[in-house]
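What follows is each chain in one-letter form.
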Amino acid sequence: MTLAIFGAIVIFGVKYRRHHGREAHQIEGSMILEIAWSVIPLGIFMVVFGWGAVIYFHERTPPRGATDIYVVGKQWMWKIQHQEGQREINELHVPVDRDIKLIMTSQDVIHSFFIPAFRIKQDVIPGRYTTLWFRATTPGTYHLFCSQFCGTDHSGMIGQVVVMNPADYQTWMSGGTVSGSLAQNGETLFEQLGCSTCHRLDVQGRGPNLKGVFGKPVQLQDGRTVLADDNYVRESVLNPTAKIVSGFQPIMPSFQGQVSEEQLNALVAYVKSLSQAPAGVAATPTNNPGPAAEKP
Amino acid sequence: MATQEIPPERKNYLNAEYGIRSWLFTTDHKRIAMLYLVSITAMFFVGGFFALLIRLELLTPAGDLLLADTYNKMFSMHGQVMVFFFLIPSIPAVLGNFLIPMMVGAKDLAFPRINLLSWYIYIVGAGLYLWCIATGGVDTGWTFYTPYSSLFSNSHVIEAGLAIFIAGFSSILTGLNFVVTVHRMRAPGMTWSRLPLFVWSHYATSIIMLLGTPVIAITLVLVVLERTLNLGIFDPTRGGDPVLFQHLFWFYSHPAVYIMILPSMAVVSEIIPCFSRKRVFGYNFVAMSSIAIAVIGFLVWAHHMFVAGISLYSALVFSFLTFLVAVPSAIKVFNWTATMYKGSISFSTPMLYALGFIGLFTIGGLTGVFLATLGLDVHVHDTYFVIAHFHYVMVGGAVLGFLGGMHFWWPKITGRMYPEAWGRVAAIIVFIGFNLTFFPQFVLGYLGMPRRYWDYSHMPEWQGLNVLSTAGATILAVGYLLPMVYMLWSLRYGKVADDNPWQATGLEWTTQSPPTTFNFDETPIVTWEAYEYEKMPLPQEVTLER
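Numbering of residues begins from 1 in every chain and follows the order in which that chain's sequence is written. Both sets of labels track the order of writing: A upward for chains, 1 upward for ligands. Residue-level local features of this predicted model are given only where pLDDT is at least 70; pairs of side-chain atoms are given and counted only at 80 or more, and the full residue set underlies all totals for whole chains, interfaces and linings.

A. Summary view of the overall build of chain B. Each helix corresponds to a stretch of at least 4 residues labelled H or I by DSSP, and each strand to a stretch of at least 2 residues labelled E; elements are numbered beginning at the N terminus. Within chain B, the secondary structure is distributed over 15 helices and zero strands. C-alpha atoms define the radius of gyration in this analysis, and the globule rule sets the expected value at 2.2 Å times the number of residues to the power 0.38. Taking 24 Å as the expected radius of gyration for a compact globule of 546 residues, we find that chain B reaches 23 Å, a close match to that expectation. On the principal axes, the C-alpha backbone points of chain B span a range of 70 × 45 × 45 Å. Put plainly, a residue is buried at 20 or more neighbouring C-beta atoms within 10 Å of its own, exposed at 12 or fewer, and partly exposed in between, counting only other residues' C-beta atoms, which are placed from the backbone. Residues counted as buried form 62% of the 546 residues belonging to chain B.

B. Structural view of the overall build of chain A. Helices and strands together make up the secondary structure of chain A, namely seven helices and twelve strands. Among the 296 residues that make up chain A, the fraction classed as buried is 34%. Look at the contacts in chain A between residues 6 or more apart in sequence, and 63% of them connect residues 24 or more apart. In this description, any two residues whose backbone-derived C-beta atoms lie within 7 Å of each other are considered to be in contact.

C. Quick peek at the packing of helix α3 (residues 68-103) of chain B against helix α13 (residues 384-414) of chain B. All names here are of chain B. Only the contacting stretch of a helix is used when fitting its axis, a line to C-alpha atoms as for every element, and angles between N-to-C directions run 0 to 180 degrees. Direction vectors running N to C along α3 and α13 enclose 25°, while the axes themselves pass 10 Å from each other. On the basis of the axis angle, α3 is roughly parallel to α13. Classified by chirality, the crossing of α13 by α3 is left-handed. For the pair α3 and α13, contact is made by L87, S90, I91, L95, F98 and L99 and by M394, A398, G401, F402, G405, W409 and I413, respectively. Should an angle fall under 35 degrees it is called roughly parallel, over 145 degrees roughly antiparallel, and 65 to 115 degrees roughly perpendicular, with every other angle called oblique. In a left-handed crossing the near helix is turned counterclockwise from the far helix by less than a right angle, and in a right-handed crossing that turn is clockwise.

D. Up close: the sheet that holds strand β1 (residues 67-74) of chain A. Residues and elements named next belong to chain A. Spatially, five strands are ordered β3-β2-β1-β5-β8 in an open sheet, and the strand pairing comes out mixed. One side of each edge strand has no neighbouring strand; the edge strands of this open sheet are β3 (87-89) and β8 (130-135). Averaged over neighbouring strand pairs, the angle between their axes works out to 25° when direction is ignored. Docked against the sheet, helix α7 (residues 261-273) engages β1, β2 (77-82) and β5 (99-106), running at close to 165° with respect to β1. Strand pairing requires that DSSP identify at least two bridges connecting the strands.

E. Spotlight on the domain arrangement of chain A. All names here are of chain A. Each domain's limits were defined by an automated method or a database of domain assignments. Along its sequence, chain A is carved into domain 1 (67-174) and domain 2 (182-273). For domain 1 and domain 2, the distance between their C-alpha centroids amounts to 26 Å. The interface of domain 1 with domain 2 comprises twelve residues on the first partner and eight residues on the second. Of all elements in the fold, only β1, β2 and β5 reach the threshold of two or more residues within the side of domain 1 that touches domain 2.

F. Molecular detail of the pairing of strand β6 (residues 111-115) of chain A. Residues and elements named next belong to chain A. Judged by how many residues are buried, β6 sits mostly within the fold: five of five residues are covered. Of the two faces of β6, the one lined by H111, F113 and I115 and the one lined by S112 and F114 are each fully buried. As paired elements, β6 and strand β7 (residues 120-124) share five bridges and run antiparallel to each other. In the strand pairing of β7, I115 is matched with I120. What sits between the antiparallel neighbours β6 and β7 is a turn of four residues, in which R119 has the positive phi angle 65°. Of the strand pairs in this sheet, β6 and strand β9 (residues 140-146) are connected by two bridges, and their pairing is antiparallel. What sits directly across from F114, in β9, is F145.

G. Examining the interface of chain A and chain B more closely. Each partner contributes residues to the interface: chain A has 67 residues there, and chain B has 74 residues. Secondary-structure elements contributing two or more residues to the side of chain A that touches chain B are α1 (2-15), α2 (31-60), β6, β7 and β9 of chain A. In this classification, the charged set is Asp, Glu, Lys and Arg, the nonpolar set is Ala, Val, Leu, Ile, Met, Phe, Trp, Tyr, Cys and Pro, and all remaining amino acids, among them Gly, are polar. Residues that form the side of chain A that touches chain B fall into these classes: 32 nonpolar, 22 polar and 13 charged.

H. Here's a closer look at the packing of helix α7 (residues 197-229) of chain B against helix α9 (residues 283-296) of chain B. All names here are of chain B. Two elements in contact, α7 and α9, have axes whose closest approach is 9 Å; the angle formed by their N-to-C orientations is 10°. With respect to α9, the element α7 is oriented roughly parallel. Every residue of α9 that contacts α7 at L197, W200, S201, A204, I207 and I208 is listed here: V286, A287, S290, I291, I293 and A294. Taken together, the residues of the contact of α7 with α9 break down into ten nonpolar, two polar and no charged.

I. Fine view of α9(B). The end-to-end C-alpha separation of α9(B) is 20 Å, in line with the 20 Å expected for 14 residues at 1.5 Å each. Every buried residue of α9(B) is accounted for by B:Y283, B:F285, B:V286, B:A287, B:S289, B:S290, B:I293 and B:A294. Those residues of α9(B) that are buried are in contact with α2 of chain A together with α7, α8 (242-276) and α10 (312-340) of chain B. Each helix should span, by expectation, one fewer than its residue count multiplied by 1.5 Å.

J. Geometry of the sheet that holds strand β4 (residues 91-95) of chain A. Residue and element names in this part refer to chain A. Taking strand neighbours across the sheet as the criterion, the five strands line up as β4-β10-β9-β6-β7 in an open arrangement whose pairing is mixed. Single-partner strands in this sheet number two, and they are β4 and β7. Direction aside, neighbouring strands of the sheet carry axes that sit 20° apart on average. Against the sheet, helix α3 (residues 166-174) engages β4 and β10 (159-164), with an angle of about 130° to β4.

K. Representation of the environment of B:G396. All names here are of chain B. Mapping G396 onto the fold places it in helix α13. Along the chain, G396 and I261 lie 135 residues apart, while their C-alpha atoms are 9.9 Å from each other. Non-local contacts of G396, meaning those with residues more than four positions away in its chain, are made with L360, F361, G364, H391 and F434.

L. Just unusual backbone geometry, in detail. The step from A:Q75 to A:W76 runs through a cis peptide bond, and the omega angle for that step is -5°. Structurally, the position occupied by A:W76 is in the loop between β1 and β2. With an omega of -5°, the peptide bond running from B:T146 to B:P147 counts as cis. With respect to the helices, strands and loops of the structure, B:P147 is situated in the loop between α4 (112-134) and α5 (148-152). With phi around 60°, B:D382 is a residue other than glycine that occupies positive phi space. As for its placement among the helices and strands, B:D382 is situated in the loop between α12 (374-380) and α13. Despite not being glycine, B:Y531 shows a phi value in the positive range, around 65°. Note on placement: B:Y531 falls in the segment after α15 (463-493).

M. Spatial organisation of the confidence of the model for chain A. Along the chain, pLDDT gives the predictor's confidence residue by residue, from 0 to 100. Mean pLDDT over chain A works out to 86, with 89% of the residues at or above the 70 mark. Segment residues 278-296 of chain A is flagged for pLDDT under 50; beyond a separation of four residues in sequence, or across chains, it makes 26 contacts in the model.

N. Quick peek at the environment of B:A388. Residue and element names in this part refer to chain B. Locating A388 in the fold gives a position in helix α13. Judged by the 26 C-beta atoms lying within 10 Å of it, A388 falls in the buried class. Counting along the chain gives 25 residues from A388 to I363, while the straight-line C-alpha distance between them is 9.9 Å. Filtering out sequence-adjacent residues up to four positions away, A388 remains in contact with F438, Q441, F442 and G445.

O. Focus on the environment of A:G43. Note that A:G43 resides in helix α2. For the pair formed by A:G43 and A:D202, sequence separation is 159 residues and the distance between their alpha carbons is 61 Å.

P. Just the confidence of the model for chain B, in detail. All names here are of chain B. Averaged over every residue, the pLDDT of chain B is 93; the share at 70 or more is 97%. Confidence scores differ between elements of chain B, with helix α1 (residues 20-24) showing the lowest mean pLDDT of 92 and α4 the highest of 97. Here the predicted complex scores 0.91 on pTM and 0.89 on ipTM.

Structure (structure tokens):
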């Protein structure tokens, strides 16, 4: 279309160039043309719109059973927490041909997680989780950038995504020292912070029993029903009175400022693990979420 | 400007009074336009200097010329100066101010004193901003995104925010003045359908100024209050929402793009018929597409936020509306092109700028359609692709329109002709330099280079395109400086201009050059339509001698 317009301008420019005293041919307009060049571009636009929207919906809808990996952005680095307990900075190791879902938040300003080779990007926003998913198909090392301006060292907030063959990935996973899975760390925190005094897993305590809550709708005091997703659990820790579960009192104190973003991720992973009891559903090897028994 | 020699028997707005007081206390819309011209040109060179430093830093991958913080301030202040202190006032406050009263056949704008007040407000805002620069500057990016701007930045966010807040009122007053003038001050017989398209486009612009600017003012005040009083509106740890800022900011700042481009379209709609010697093709469609852009332009803001965590369905709606707003722009481009069909075209300097505008705006607009496409935006959002896109619109569109308009009306404004040969050379240099600067940035963005990167030493493969871009910027700078030089030169040495050197239609060309203080000796009575070029004789062949 661009070429057509440029072509027309050049042709008209050359053909109708002013020769000595040549008069212009007056034409005032044409309804047919006006309608044509309104409707045809609109039609083309709508096709492109639909095409782009389909891709966007695909990009924004993580498939079921994707492996969750937690990401925390901070000035100026990316902190990655794997379910199995591995932690990395500015590097993300993933196996090839597996759906990966990143659950991301920021502990300061807005960042943006951008992997150009995968054509994906998502802002990482303080105070909530945003998600991004991908399935890498070719092993290799790819650039990772922060694409939302975040201060002095914005251009240094870069890293790499390493996509590995399953065998290499297993080797990588077994290397390094890991003190328990993310959910286990969360469980420890759950004990340490005293969450388990009210949120008991055996009987209904002063707070709701969290077993099997994640991923299910929750009936609230004010009649609303919300889905217990990552953001809901997060909010319930930091701002517990925002959504009161039906049948309970707003007595829980806020843990704002008492848990770091990474600890919060561990807590969310733990609450999530309480709903993954039926084995075989999750593609990832999570620990058996039995009642809190083991000590750190 | 008061120094030029004009035959003494011709009194005009420039020699009606002398002395600095006669300028600072003037209520003549033409003199106020000149005050604006001098002020925005000064700000343009401030912003241009920052751009130069940005391009020099990016010449090499390592961050070696400036400190990271300095670089961050450079791109922030480049954007803020260019957007808020140059582009937004550029065509409306200079050419619009000068021409709208004449085009509708009036002696002045509806509120001459408010017009002067708007310039003083602009000067206070610009002065405060310059003070902000002098005391250390601001590093938030031109977008002031929270919570960086509200909680984390250590730079002079408050001063910058207040400066832009103040300058906004100047914009509101100008818009108000234009709306009232177009409604109430039209000469007898100057019906709405006889208005030049320049006036239609400015009318649409004024509506956006009136309705949009208060929102950015409120938003910036909220950021200032957040920093001073610690309100917490955008602070997630206290229940605030940092993304709320983006909604508020873009509610103005997307329509603000139309504040920049519509006046430029206004200029082009005058130049193309004049140098094609033809009536404009599809007058009603061009006029109404301006209004359509102004209205739909208010409903597309969240297309800046497709990766900012908005819901799938709101992204869908905003993408759809963004495709819709592209249609009236396309209508304009088609109509301008059709206006040339079977015309009698001459490639004088204003026409070169107008054709450059169509070309660059088309690229800018169509890459905007790419960005509106949800799936594609996810990849190129916040990369150099976006930078290239909006420079094609704002520089390729708005600045070329401004330069074209300045050349077109220069004889009317100053009574002198600029040197035509130099004019054409400069227009071509600007066009080449611009494309060389910004086309490589489309490629860089597609390759994944994020915007606002000071250092790309881990990605040395990007250097080649960055060198091209910097080289282009140097050429572009020459293209900007040339008109400055020869236009100042022409004030004294230029050929004395006729009242209507282009044989253009429009009431402003029926006045003398330069016009008298009250424009018309007697109120004109309009009995003809706009652009009746069949009734105008061909202008003298333009000669290239100086």
